[in-house]
Amino acid sequence: MRTCLFLVLWVCLSHLGDAKVFIKRTTGDGVALRRSKRGWMWNQFFLLEEYTGTDYQYVGKLHSDQDKGDGSLKYILSGDGAGSLFLIDENSGDIHATKRLDREEKAYYALRAQAVNKKTGRPVEPESEFIIKIHDINDNEPKFTKEIYTASVPEMSYVGTSVVQVTATDADDPTYGNSARVVYSILQGQPYFSVEPETGIIRTALPNMNRENRENYHVVIQAKDMAGQMGGLSGTTTVNITLTDVNDNPPRFTHNTYQFGVPESTEAGSPVGRIKADDADVGRNAEVDYTIINGDGLDMFDITTDMNTQEGVITVKRPLDYEKKKIYTLKVQAENTHLDPRFLSQGPFKDTATVKITVEDVDEPPNFERASYIMDVKEDAVNGTVIGSVSAEDPDITSSAIRYSIDRHTDLERLFNIHPGNGSIFTLRPLDREEFAWHNISVIATEFSNPKQVSRVPVFIRVLDINDNAPTLATYYETFVCENAKANQRIQTVSAVDADDPTGGHKFFFSLSPEASVNANFTVRDNRDNTAGILTRRSGFSRLERSTYLLPVVISDGDYPMQSSTNTLTVRVCTCDKEGNMQSCNAEAQMLPAGLSTGALVAILLCIIILLIIVVLFAALRRQKKKEPLIISKEDVRDNVVSYNDEGGGEEDTQAFDIGTLRNPEAIEDNKQRRDIIPESLYPSRRTALTRDNADVRDFINQRLQENDTDPAAPPYDSLATYAYEGNGSVAESLSSLESATTEGDQDYNYLSEWGPRFKKLAEMYGGEDSDRDS
């Protein structure tokens, strides 16, 4: 214990002579003063960090030569940590540190000291500045910049290849002793790697390290201060090193021979099978390119590389035929895409294998000799004319017989048919080239042994033209001739069209029909260019004498057999100006008054028609308001029965009914009511039989019945109206409009009982013979 205190004291006292360096006197304005006699006395200005004593650590003592020891002066300390970290005894000037100091936290402190008179408070000497420096001790271990390092190095690298550099730092003072001097060493990772002690660079230490044998390494590096001496502090870090791949392994097939089977119906581009050459490398170093280098299937098969799995995919290049060749042999090569020149000497980076492909037989549909057929037929061909044939055969070894048919969806009108055995196509109905010049049908070939095996082939049938249409005028010509026309004047040029399509083109001939050549007013001149001109044969035409002329023009074609037609050309006579421009072609216009045009006459006629329509509508509306029909709805078709249920006392009962009215028909003529209008009052009535003595009443009723039957304003249904009155002992029968003067025989009214309660009374009155007898 005494030895340690002596050492610390020696360290502190050995720097007493350095106190002069840290003293600087200034005025309050910061102006330097001239050097004067030193008034401070220093005991110590260095402190060791990390003081572990229980008392305050003594720093030093301030003393002024103006201090007489009578206690009249007071010492004041200011600056970094004054009053908190550093305390001063104002009477004695002793300075103590109150806390443990860490050099790594703060290496030195700048303080200012001043002595003042206690009574006056004035400084007795100018303020002085000094520094307390903290001496370092080795209390910090080296620390690496990363807890874990990750690095990589290519496999098969040379010894000494740099991998990564690690760095450790020490917080101690590098200028004082060896506390911050760090050296590196490897604790784990030999003999594969080594580290440089001074720089921390990790290098490979073993040759030919192979990634395929071992890929990952964990290396532990130590950093120790005090230059690695005993007693120094140390820190460690882990370095994860990965060997990256290089292309040092060639691809190798796992089998020498591969075998696959493929149906002969496999379409081009379809896969057959997959092969793979294994490569111990990874990534781009394991990429393989597959090629077919030899064999009898070079033209039938192809191989590509699947970049995801690095497999060789064999595909069909052309259609296969089991009947022609049943087995193919291929020689396939696998070669690395990216080569490393450093390892080319280790051998070729490629491998080969044999692939045998067996073609499997399948039942194939028939094959037509051609992909399509084109046939010609004349449009005048008779039914049953053979226009061509198709042929198909079964490609299988069994060679089944073939049956031919036409797909009726392509021949809806059934114009053609085909012989099912030999494939001959013939017509069923007449053809018309002008309607359809081409017919596209589909022929089906079916195997007899397997009807599911079918094939189709398109057949294009061209209808050849024959001259079966006569030429006609190309359009409707509005031809006119002026009244002042001259003889031999051209009034129209006509042309013709023909639905036929001759090989050498159309050639038309124009002429005037023979029956119109006699006393003709016009003539036809053939221009020999498929047009003709219409010329006048005389001068002077009059609309009053004749307004139109019909000119029959004969048009013939030049094909065989020649076809011709007569076309009538209407020529109107018109008034023209001096230049020959048409003005009017209406012959009636001359007979109208000079001051009234055709447009004015049409306007007047329209006004008259409109007025008539208004008058008719007005009358109809008034009539509709005045009369309300009995039937409101069109659906109401039942009989409208007007019931008069007031029964009188007989013919002698003159109070109930005025029989004189019936005896005098003229007296009631003014009170006649229409049956299609709702009556204003209901008259009580009862069906009575006419007496034989009352001839005037019978005549009156027959007259009224006849009027009702012939009245156009009567409703379209029967309405019961009573014209007689029934008294005591009357033998006259009741009459109504249900009976008609034109009706022969008795009518059956039994159906009235089926109409419901509303017609019960009527059913009792007319319901049958029994009812009549009872009443």
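Quick look at the structure, then. Treat the numbers as computed from the prediction; the structure is a model and nothing was measured. Residue numbering note: each chain is counted from 1, following its sequence as written. Reporting in this predicted model follows two pLDDT cut-offs: at least 70 for local features of residues, and 80 or more for side-chain atom pairs to be given and counted; totals over whole chains, interfaces and linings ignore these cut-offs and use all residues. Excluded from the side-chain calculation are hydrogens and water; included are all heavy atoms of the structure.

Some points on a nonpolar patch on the surface
Consideration 1: Grouping into patches uses exposed residues only, defined as over 30% relative accessible area, and leaves out salt-bridged ones; the cut-off is 9 Å for like charges and 5 Å for nonpolar side chains (Val, Leu, Ile, Met, Phe, Trp, Tyr). Computed with the Shrake-Rupley method and a 1.4 Å probe, the accessible areas treat only the protein chains shown as cover for residues. Only one rule defines a salt bridge in this text: a Lys or Arg side-chain nitrogen within 4 Å of an Asp or Glu carboxyl oxygen. Where nonpolar side chains cluster on the molecular surface, the patch consists of Val602, Leu605, Leu606, Ile609, Ile613 and Leu617 and spans about 550 Å² of accessible area.
Consideration 2: Under the scheme used here, helices are H or I runs from DSSP no shorter than 4 residues and strands are E runs no shorter than 2 residues, and both carry numbers assigned from the N terminus. With respect to the helices and strands, the residue Ile613 is situated in helix H2 (residues 598–626).
Consideration 3: When accessible area is computed with a 1.4 Å probe and restricted to protein chains, residues below 20% of their type maximum are described as buried, those above 50% as exposed, and intermediate ones as partly exposed. Residue classification places Ile613 among the partly exposed residues on the basis of a relative accessible area of 46%.

Remarks on the pattern of salt bridges
Consideration 1: For the structure shown, the criterion picks out 15 salt bridges.
Consideration 2: When the shortest N-O distance is used, the salt bridge between Glu215 and Arg211 registers 3.9 Å.
Consideration 3: Taking the relative accessible area as the measure of exposure, Glu215 reaches 36% and is therefore partly exposed.
Consideration 4: Residue Arg211 is classed as buried on the basis of its relative accessible area of 9%.

Structural notes on the nonpolar core
Consideration 1: Grouped together as the largest cluster of nonpolar side chains are 26 residues, with contacts concentrated most on Val481, Val494, Phe510, Phe522, Val524, Ile534 and Leu551.
Consideration 2: Beyond its immediate stretch of four places on either side in the chain, Phe510 contacts Val494, Ser495, Ala496, Val524, Asp526, Asn530, Thr531, Ala532, Val553, Val554 and Ile555. Throughout this description, the term nonpolar core refers to a set of buried Ala, Val, Leu, Ile, Met, Phe, Trp, Tyr and Cys residues connected via side-chain atoms within 4.5 Å. Any two residues whose heavy atoms approach within 4.5 Å are treated as being in contact.

Overview of the sheet that holds strand S3 (residues 57–61)
Consideration 1: Strand order in this open sheet of three strands is S3-S6-S5, and the pairing throughout is antiparallel. In this open sheet, the two strands that pair with only one neighbour each are S3 and strand S5 (86–88). Strand-to-strand twist in this sheet, taken as the mean axis angle between neighbours without regard to direction, amounts to 25°.
Consideration 2: In the sheet, S5 pairs with strand S6 (residues 94–97) via three bridges, with the strands oriented antiparallel. Pairing between strands is defined by DSSP: at least two bridges between the two strands are required. Note on geometry: axes are lines fitted to C-alpha atoms, helical ones only across the stretch in contact, with angles between N-to-C directions running from 0 to 180 degrees.

Quick look at the side chain of Gln333
Consideration 1: Within the secondary structure, Gln333 sits in strand S25 (residues 327–336).
Consideration 2: By relative accessible area, which is 14% here, Gln333 ends up buried.
Consideration 3: Excluding residues that lie within four positions of it along the chain, Gln333 makes contacts with Asp289, Tyr290, Thr291, Ile293, Lys350, Asp351 and Thr352.

A short note on the sheet that holds strand S40 (residues 522–526)
Consideration 1: Read from one edge to the other, the open sheet built from four strands follows the order S36-S38-S41-S40, with strand pairing classed as antiparallel. Single-partner strands in this sheet number two, and they are strand S36 (472–473) and S40.
Consideration 2: Bridging between strand S38 (residues 490–497) and strand S41 (residues 531–536) involves five bridges; their strand directions are antiparallel. Looking at the pairing, Ser495 lines up with Thr531 of S41.

Let's talk about the packing of aromatic side chains
Here a ring pair, both rings aromatic, is described through the centre-centre distance and the interplanar angle of the planes.
Consideration 1: For Phe, Tyr and Trp, where Trp contributes only its six-membered ring, two rings pair if their centres lie within 6.5 Å, and the inter-plane angle classes them as stacked under 30 degrees, edge-to-face over 60, or tilted in between. One pass over the full model with this rule turns up 10 aromatic pairs.
Consideration 2: Measuring from centroid to centroid gives 5.5 Å for Phe193 and Tyr217, while their planes differ by 75°, and the two rings are edge-to-face. Taken together, the residues Phe193 in strand S14 (residues 193–195) and Tyr217 in strand S16 (residues 216–224) connect sequence positions 24 residues apart.
Consideration 3: Judged by its relative accessible area of 2%, Phe193 falls in the buried class.
Consideration 4: Here Tyr217 falls in the buried class, since its relative accessible area comes to 5%.
Consideration 5: For the pair Phe541 and Tyr549, a centre-to-centre distance of 5.8 Å together with 80° between the ring planes defines the contact as edge-to-face. Like Phe541, the residue Tyr549 is buried in the burial classification.

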